[in-house]
Amino acid sequence: MNGPAARRRAPRALRRLPLRTRLTLLTAVAVAVAVAVSAFACWFLTRDQLRGQIDTSLRNVRVPPEFLSRTVADCRATTPQADRRVLPGIAYGQVVTEDGGRCVADNSQPVEVTAADAEVAAGTRDEVLRDGVTEDGEPVRVLTRRVGPAGGAPGYAVSVARSLRDVEEPLGTLALLLTAVAGVGVLGAATAGLWIARTGLRPVDRLTGAVEHVARTEDLAVRIPVEGEDEIARLSRSFNAMTAALASSRDRQQQLIADAGHELRTPLTSLRTNIDLLVRSEETGRAIPAADRAALLDSVRAQTKELAALIGDLQELARPDTAAGAAPPEVTGLHAIAARAVERARLRGSSVTVTTALAPWYVRAEPAALERAVVNLLDNAVKFSPPGGSVEVVLRDGELTVRDHGPGVPAEELPHVFERFWRSPAARGLPGSGLGLSIVDRAVGQAGGEVALRPAPGGGTVAAVRIPGAAHPPPDLPPGLPSAPDRPPGLPPAAPGTAPGSGPGAPPGQAS
C-alpha cells in the first residue's frame, strides 16, 4: 500500500515546487538520463570492441601439430620436457580429452574444462568460444578447437586462452572517467537549466506581476511590453488585449449607468412634481380643476409609460448574448417577422399609412429579438413621419428597408444614430429613450447581419437591414414555419397596400 501511495505523492510534491525549480530539475534529470545512456552505450561498445580483438587474436593462433602430441606425451611422462609445449603469444594452452580431462602446457594456468569443451574433443562440435576462469580465479577468454585424425591424435581438442584483465582494467578506468564526465555534465546542466529558467521565465514574472497588480488595484491601464514573436509574446499580447477589453467594458458600463441615471432623472422629476401637486391638493382641501387634474393624471400615465419603456430597453441591452433562458437561434422567415411587427405597430395607433412588399427570406436568428428590432424601426419611422404621411416596408433580395418621408437625418449625425442614449437635437422633444436603434443594432448583429441608415431620395430616411439567408426554406425546416406573412389571430384584415394604424378607424394614440 505504501508503494502506490508514495508514487501518487511524488507528482503532487513536484507540482507544488516553483516552475523555475521544476524546469531546473527536469533539465538536470533529462541531461543526466542522456549522459547515463550515452556512457553506458560507450562502455558496452568499448567492451565489445576489446573482447572482439581478443577473440580475433585467439582465432588467429596456429597450433603446431607437435604441440598436441608432445603435450599429451609429456602429460603421461614422469619427467616433463621444458620449453616444448608453450604456444607463442598465448598466455595459456591445454589439451582437452573427450572424457573431460586436460593436459596443461608449461608456463600455462589450468583452465576449468566444461561440457562444451568435452563435446568439441568428442567431435560433436567443431569449436566453442566462451568465458572461463582459471583455478586461481582469473577470468579468461577460451577458444577450444577440435583436432582430427589429420593431426595424428583423434579424440583430443586444444584450448587456448587469454586473460581478460587486459580488458577489465581499461574498462574500469573508462567507467570511472565516464562517471566523472557524467557528474560534471549533470552539474553543468543544472546550472544551465537554472540560468535558462530564470531568463526564459522573466517575461512570465513580469506578466505575473502585472496580473497581481491588476487584482490588487483593479488598474486596467497596465500594459506589458511585448518583445519577439514567441509564445510568451503572444501571451503578453493576449493579456494586453484582455485588459483593454475589460477597461473598455467597464467604461461602457459606467457610461451606461451615467446615461441611464440622466435619462431617468427627467421622468422621475416630472412624476414627483405631479404627484406632489395631487397630494398637496388632497392635504389642503383645495380641489384642482377637473381639466387640470385630468392633465396631471395623463402626464403621470405618460411618464410611467416612458419609465417602463426605458427600463425594458435597459434590460434588453444589459442581457448577455448567451443569457440563460434566451431563445436559441432558429430558422425563421424574416418576411413573417416583418409582417407581425407591422401588425404590432398597428395597436399603438397612428395616422401614417404603411405599405408593405415582403418577398420570402429565411434567416437563422432569435425570432423575438429580431421582431422587436423591426418594431423599433417602424416606431422610429412613424415617429418622424408627418401626419398623414406614409412608410414603405420592403423586403427584396434579403434586404429589409423601412423608409419614412420625414425630415431625415443630417449626414454628420449618421455615425452616432446607433449609440446608446444618443438623440438628435431635433428629436429631443419627442418621446423615446435613445435606445431603440441600439437594440436594433444588437439584435441584427446577433443574427450575423448589419443595419444602416441612409438618406432617402426625395427626402426622408431609409433604414436597411441585411441578414444572411435564402429565399427558400431549408429541407429540414420545422413544420408550421410560416412561408408567407401570417396575420396574428384576432386582428381584422388590413386594407390592401396598407398596414397597421393606417386609414380611418385606427385607434388613437401616439407612436413611440
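Here is a short report on the structure shown in this document. What you see is a predicted model, and the numbers here were worked out from it, not measured in a lab. (Residues numbered from 1 in each chain as written. Predicted model: local features only at pLDDT ≥ 70, side-chain atom pairs only at ≥ 80, totals over all residues. Heavy atoms only, no water.)

What about unusual backbone geometry?
- Look at Asp-397: it is not a glycine, yet its phi comes out positive at around 55°.
- Looking at the secondary structure, you find Asp-397 in the loop between strand S9 (390-396) and strand S10 (399-403).
- For Asp-397, a relative accessible area of 61% corresponds to the exposed category. (Helix = DSSP H or I, 4+ residues; strand = E, 2+ residues; numbered from the N terminus. Buried < 20%, exposed > 50% of the residue type's maximum accessible area, 1.4 Å probe, protein only.)

Some remarks on the sheet that holds strand S13 (residues 469-470)
- Sheet architecture is open: three strands sit in the order S6-S8-S13, paired in antiparallel fashion. Whereas interior strands pair on both sides, the edge strands pair on one side only; in this sheet they are strand S6 (330-333) and S13.
- Sheet topology places S6 next to strand S8 (residues 362-365); four bridges connect them, and they run antiparallel. Opposite Gly-333, over in S8, you have Tyr-362 as the bridge partner. (Pairing = 2+ DSSP bridges.)

What about the pairing of strand S5 (residues 156-163)?
- With seven of its eight residues buried, S5 lies for the most part within the structure.
- Here strand S1 (residues 92-97) pairs with S5 via six bridges, running antiparallel. Bridge pairing in S5 links Val-96 to Ala-157.

A word on the sheet that holds S5
- The strand order S2-S1-S5-S4-S3 describes an open sheet built from five strands, whose pairing is antiparallel. The strands lining the two open edges of the sheet, one partner per strand, are strand S2 (102-104) and strand S3 (127-133). For this sheet the average axis-to-axis angle between neighbouring strands, irrespective of direction, equals 25°.
- The pairing of S1 with S2 spans three bridges and is antiparallel. Of the residues in S2, the one forming a bridge with Gln-94 is Val-104. (Axes fitted to C-alpha atoms, helices over the stretch in contact; angles between N-to-C directions.)

Details of the environment of Gly-172
- Among the secondary structure elements, Gly-172 is positioned in helix H5 (residues 165-200).
- Taking the C-alpha atoms as reference points, Gly-172 and Trp-43, separated by 129 residues in sequence, lie 9.4 Å from one another.

Overview of helix H4 (residues 115-122)
- Buried within H4 are the following residues: Ala-116, Asp-117, Ala-118, Val-120 and Ala-121.
- Taken together, the buried residues of H4 touch S1, S3, strand S4 (139-147) and S5.
- Of the residues flanking the end of H4, it is Gly-123, one or two places downstream, whose phi is positive at about 90°. (Contact = heavy atoms within 4.5 Å.)

What about helix H2 (residues 19-59)?
- End to end, H2 covers 59 Å across 41 residues, agreeing with the expected 60 Å (1.5 Å per residue, within 8%).
- Within H2, the full set of buried residues consists of Thr-24, Ala-28, Ala-39, Arg-51, Ile-54, Asp-55 and Leu-58.
- At its buried positions, H2 is contacted by S3, S4, S5 and H5. (Expected span 1.5 Å × (residues − 1).)

A few points about the pattern of salt bridges
- Scanning the entire structure with this criterion turns up 12 salt bridges.
- When the shortest N-O distance is used, the salt bridge between Arg-59 and Glu-127 registers 2.6 Å. Of the two residues, Arg-59 sits in helix H2 while Glu-127 sits in strand S3, which places them 68 residues apart along the sequence.
- Among the salt bridges present, the one from Glu-135 reaches Arg-102, with a minimum N-O distance of 1.9 Å. Separated by 33 residues along the polypeptide, Glu-135 in the loop between S3 and S4 and Arg-102 in strand S2 bring together distant segments of the chain.
- With a relative accessible area of 29%, Arg-102 lands in the partly exposed category.
- Residues joined in a network through salt bridges with shared partners are Arg-51, Asp-55, Asp-131 and Arg-141. (Salt bridge = Lys/Arg side-chain N within 4 Å of Asp/Glu carboxyl O.)

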